[in-house]
Amino acid sequence: MSQELFEQLEFQENPLFETIIDDLLEQQYSIVDAFFTASETTQLREHLLAKFEAERFKKSAIGNRTNEEIDKKVRGDYILWIDESRADRVEQLFFQKINALVDYLNRTCFLGILQKEFHYTVYPEGTFYKRHLDTFQNDDRRKLSVVCYLNEDPWPSENGGQLRMYVPDEEKDILPLSGRIVIFESQVLEHEVMEVKASERLSITGWLKTR
Ligand code: OGA
Ligand code: MN
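This write-up is about the structure you can find in this document. (Residues numbered from 1 in each chain as written. Chains lettered and ligands numbered in written order. Predicted model: local features only at pLDDT ≥ 70, side-chain atom pairs only at ≥ 80, totals over all residues. Heavy atoms only, no water.)

### Focus on helix 3 (residues 38-53)
Under the convention used in this document: Each helix is a run of H or I in the DSSP string that is no shorter than four residues. Each strand is a run of E no shorter than two, and both are numbered from the N terminus. Expected helix span is taken as 1.5 Å per residue step, with the number of steps being one fewer than the number of residues. Each residue's exposure class comes from its accessible area (1.4 Å probe, protein chains only) as a fraction of the maximum for that residue type: buried when under 20%, exposed when over 50%, partly exposed otherwise. Relevant arc is that of directions from the helix axis to the C-beta atoms, nothing else. A contact between two residues is defined here by any heavy atoms of the two lying within 4.5 Å.
Its 16 residues place the ends of helix 3 22 Å apart at the C-alpha level, agreeing with the 22 Å of an ideal helix rising 1.5 Å per residue. Of all the positions in helix 3, only Glu40, Thr41, Leu44, Arg45, His47, Leu48 and Lys51 are classed as buried. Within helix 3, the buried residues cover an arc of 160 degrees as seen down the axis, which keeps them to one side. Residues of helix 3 that are exposed and point over 90 degrees away from its buried face: Ala38, Glu46 and Glu53. Buried-residue contacts for helix 3 involve strand 3 (78-81), helix 5 (89-109), strand 4 (115-123), strand 6 (142-149) and strand 11 (201-209). Glu55 sits one or two positions beyond helix 3 and adopts a positive phi of about 55 degrees.

### Re the packing of aromatic side chains
Threshold: The criterion for an aromatic pair is that two Phe, Tyr or Trp rings (for Trp, the six-membered ring) have centres within 6.5 Å, with stacked assigned to planes under 30 degrees apart, edge-to-face to planes over 60 apart and tilted to the rest.
Within this structure, the stated rule accounts for eleven aromatic pairs. Look at Phe36 and Phe94: their rings are 5.4 Å apart centre to centre, the planes differ by 15 degrees, and that puts the pair in the stacked class. With a gap of 58 residues between them, Phe36 in the loop between strand 1 (29-32) and helix 3 and Phe94 in helix 5 connect regions that are remote in the sequence. Their ring planes at 85 degrees and their centres at 5.0 Å tell us that Phe52 and Phe57 sit as a pair that is edge-to-face. Here Phe57 falls in the buried class, since its relative accessible area comes to 10%.

### As for the site of ligand 1
Keep this limit in mind: For this purpose, a residue is taken to be near a molecule or strand whenever a single non-hydrogen atom of the residue falls within 4 Å of it. Whenever a nitrogen or oxygen atom comes within 3.5 Å of another N or O atom, the pair is scored as a polar contact, on the condition that within protein one atom can donate a hydrogen and the other can accept it, and that pairs from neighbouring residues in sequence are kept only if both atoms are in side chains. The Shrake-Rupley method, run with a 1.4 Å probe sphere, supplies the accessible areas, and residue values consider only the shown protein chains as cover.
Every residue near ligand 1 is listed here: Tyr129, His132, Asp134, Val147, Tyr149, Leu163, His191, Val193, Arg201, Thr205 and Trp207. At a separation of 2.9 Å, an oxygen atom of ligand 1 approaches a polar side-chain atom of His191. Here ligand 1 has 290 Å² of accessible area as a free molecule, and 98% of this is covered by the chains. No other element matches the three residues that strand 11 contributes to the shell around ligand 1.

### What about the sheet that holds strand 2 (residues 58-59)?
Stated formally: Here, a strand pair is defined by DSSP locating no fewer than two bridges between the strands. Inter-axis angles, ranging from 0 to 180 degrees, are taken between N-to-C directions of lines fitted to C-alpha atoms, where helices are fitted over the stretch in contact.
Across the sheet, which stays open at both edges, the seven strands sit in the order 1-9-6-11-4-3-2 with antiparallel pairing between neighbours. With partners counted over all chains shown, the strands left at the sheet margins are strand 1 and strand 2, one partner each. Bridge analysis of strand 6 against strand 9 (residues 181-185) gives five bridges, and the strand direction is antiparallel. In the sheet register, Leu144 faces strand 9, and the bridge partner there is Glu185. Set on the sheet, helix 3 makes contact with strand 3, strand 4, strand 6 and strand 11; between it and strand 4 the angle comes to about 70 degrees. Sheet strands in contact with helix 5 are strand 4, strand 6, strand 9 and strand 11, and its direction is about 135 degrees off that of strand 4.

### Overview of the nonpolar core
Under the convention used in this document: In this text, buried Ala, Val, Leu, Ile, Met, Phe, Trp, Tyr and Cys residues form a nonpolar core when linked through side-chain atoms within 4.5 Å.
Membership of the largest hydrophobic core comes to 34 residues, with the highest contact counts inside it found for Phe36, Phe94, Ile98, Phe118, Ile183, Ile204 and Leu208. Among the secondary structure elements, those contributing two or more residues to this core are helix 2 (15-27), helix 3, helix 5, strand 4, strand 6, strand 9 and strand 11. With sequence-adjacent residues up to four places away left out, Phe118 is seen in contact with Trp81, Ile82, Phe94, Phe95, Ile98, Val146, Ile204, Thr205, Gly206 and Leu208. Grouped together as the second largest cluster of nonpolar side chains are ten residues, Tyr29, Val147, Met165 and Val167 included.

### Examining unusual backbone geometry
Asp153 connects to Pro154 through a cis peptide bond whose omega is -10 degrees. Topologically, Pro154 is positioned in the loop between strand 6 and strand 7 (163-167). Located in the positive-phi region is Gln28, a residue other than glycine, with phi close to 70 degrees. Of note, Gln28 is situated in the loop between helix 2 and strand 1. Using a relative accessible area of 26% as the deciding quantity, one classes Gln28 as partly exposed. With a phi close to 55 degrees, Glu55 is a non-glycine residue in the positive phi region.

Right, dumping it as structure tokens:
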């Protein structure tokens, strides 16, 4: 049997991934609750916090300039890039789930995702990220943005930090609930992180990219 035929026979439709694809086609974004289990989310959060407390994060920047005062008026988050080739056990768990989604998208949608990049993110109280598109640094290879929320339960709406999506004729606010992921078209959907009013907002943010 040829390898190709074998792969076709082996292919298993995945209802969750099919829903994500349908959502993306219909509304340019998809929200999946409990994409990561409570235990996975806790482990990833503890991991993030240990690295943050070890002062390994850097203040995010915009574009190639480095002017912290200007940057802070646009975005106030701190980030730490994750090197998949050096991922530890907890990060491998994260990438296993992400890679399963990427493989599925590549097999069914011909998206041609060949690269990805992910960073840990902390938005301290009082910070935000003004309305923008993810074509930052003129990187037009970014096709899909993926945000995975690692906040502790509960995250009441009084905490702020909603992801606001500017979909045609509507502003859609999404709470950064533990285990939830949001996927959207990086170059199409303008979005914003509303000011964090209480607590700190924790996530892993990334992009699936073409060559
Ligand atoms: C970003 C971004 C959204 C979020 O990092 O570019 O828009 O909900 N993040 O954290
Ligand atoms: Mn963004």
